[in-house]
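Given next are the chains, with one letter for each unit.
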Amino acid sequence: MAYKGLKIKVGTADAYDTVTKYGIYVQSFPYIPVPVKAKNISSQSWYDQNGDDDYIPSVLYYDPISITIPFVVKGYLSVVTPNIKAFLSELRSAIFSFYDVLAKEGRQSCIVEEYPQEASVLTLVGLPITVEEIEQQPVCVVFNVKIKINDPVTNIQL
């Protein structure tokens, strides 16, 4: 069930809500796990000893993590399609930050890792409109965006 927007801050621009700017809702927000894989642990395996001889530094750094966020937008294809294209174009233009108000999760240093080409388009019951002599039914479009989080540690607010 789509219930909210996502606050996004692209580059140095002001943060905005995806519902207010593009009419795009978050269908469900994924759980963001704690960072799993440390980057700077060196290990030596000695043949005459059990296990490994690991060096754990005083400050740990972590590999990035990826999440997939499903988005939903309702309206007419003549409006929905340009809004989705503009939204994805803006996210791809720079490093961005996001914050989910209900989940109280936010991350910075993010990029769009993948935008799957498939999207679900459901025709809704409602009054059709005529745009450029073409009758259009209201639709609901569901699409996913895979985001790479380069700073998996810092939880931010926008």
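Look above for the structure.
Just so you know, these numbers come straight off a predicted model, no measurement behind them. Numbers given to residues run from 1 along each chain, matching the order in which its sequence is written. This being a predicted model, a pLDDT of at least 70 is required before a residue's local features are given, and a value of 80 or more before pairs of side-chain atoms are given or counted; all residues contribute to the totals for chains, interfaces and linings. Hydrogens are left out, water is left out, and the side-chain values use all remaining heavy atoms of the structure.

(A) Highlighting helix α2 (residues 77–92). With 16 residues, α2 ought to run about 22 Å at 1.5 Å a step, and its terminal C-alpha atoms sit 22 Å apart, in line with that. Partly exposed residues are those whose accessible area sits between 20% and 50% of the maximum for their type, while under 20% is buried and over 50% is exposed, using a 1.4 Å probe and protein chains only. A run of DSSP states H or I qualifies as a helix once it reaches four residues; a run of E qualifies as a strand once it reaches two. Both are numbered from the N-terminal end. Restricting attention to buried positions, one finds in α2 the residues V80, I84, F87, L88, E90 and L91. When α2 is viewed along its axis, its buried side chains cluster within an angular range of 160 degrees and face the same direction. Facing away from the buried side of α2 by more than 90 degrees, the exposed set consists of K85 and R92. Here a helix's expected span is defined as the number of its residues, less one, multiplied by 1.5 Å. In this description, the arc belongs to the directions extending from the helix axis to the C-beta atoms.

(B) The arrangement of the nonpolar core in detail. Among buried residues, those of type Ala, Val, Leu, Ile, Met, Phe, Trp, Tyr and Cys that are joined through side-chain atoms within 4.5 Å constitute a nonpolar core. Ranked by size, the top nonpolar core spans 30 residues in total, and within it F87, F98 and F143 carry the most contacts. Only β1 (7–10), β3 (24–26), β6 (65–75), α2, β7 (96–100), β8 (105–114) and β12 (139–151) provide two or more residues apiece to this core. Here, two residues are considered to be in contact whenever any of their heavy atoms come within 4.5 Å of each other. If we ignore the near neighbours within four places in the chain, the residues touching F87 are I8, Y16, T18, Y22, I24, F71 and F143.

(C) Geometry of unusual backbone geometry. Backbone geometry places K104, a non-glycine residue, at a positive phi of 55 degrees. According to the relative accessible area criterion, K104 is exposed, its value standing at 55%.

(D) Examining a nonpolar patch on the surface more closely. The patch calculation keeps residues exceeding 30% relative accessible area without a salt bridge and links them within 9 Å when they carry like charges or within 5 Å when they are nonpolar (Val, Leu, Ile, Met, Phe, Trp, Tyr). Computed with the Shrake-Rupley method and a 1.4 Å probe, the accessible areas treat only the protein chains shown as cover for residues. Each salt bridge in this description consists of a side-chain nitrogen of Lys or Arg and a carboxyl oxygen of Asp or Glu lying within 4 Å of one another. A contiguous nonpolar patch, built from I41, I56 and L60 and spanning about 250 Å² of accessible area, is present on the exposed surface. In this structure, L60 sits in the loop between β5 (53–55) and β6.

(E) Focus on the environment of C110. Looking at the secondary structure, you find C110 in strand β8. Classification of C110 as buried rests on a relative accessible area of 0%. Put simply, C110 and L91 are 19 residues apart on the chain and 9.2 Å apart in space, counted from C-alpha to C-alpha.

(F) How the structure looks around the pattern of salt bridges. Counted under the stated rule, the structure contains five salt bridges. For the salt bridge of K4 with D100, the shortest nitrogen-to-oxygen distance reads 3.0 Å. Placement of K4 in the segment before β1 and of D100 in strand β7 is noted, with a sequence separation of 96 residues between them. Summarising the burial analysis for this pair, K4 and D100 share the class buried. One salt bridge connects K146 with E113, and the closest N-O pair in it is separated by 3.9 Å. On the criterion of sequence distance, the pair formed by K146 in strand β12 and E113 in strand β8 is long-range, its members being 33 residues apart. Taking the relative accessible area as the measure of exposure, K146 reaches 28% and is therefore partly exposed.

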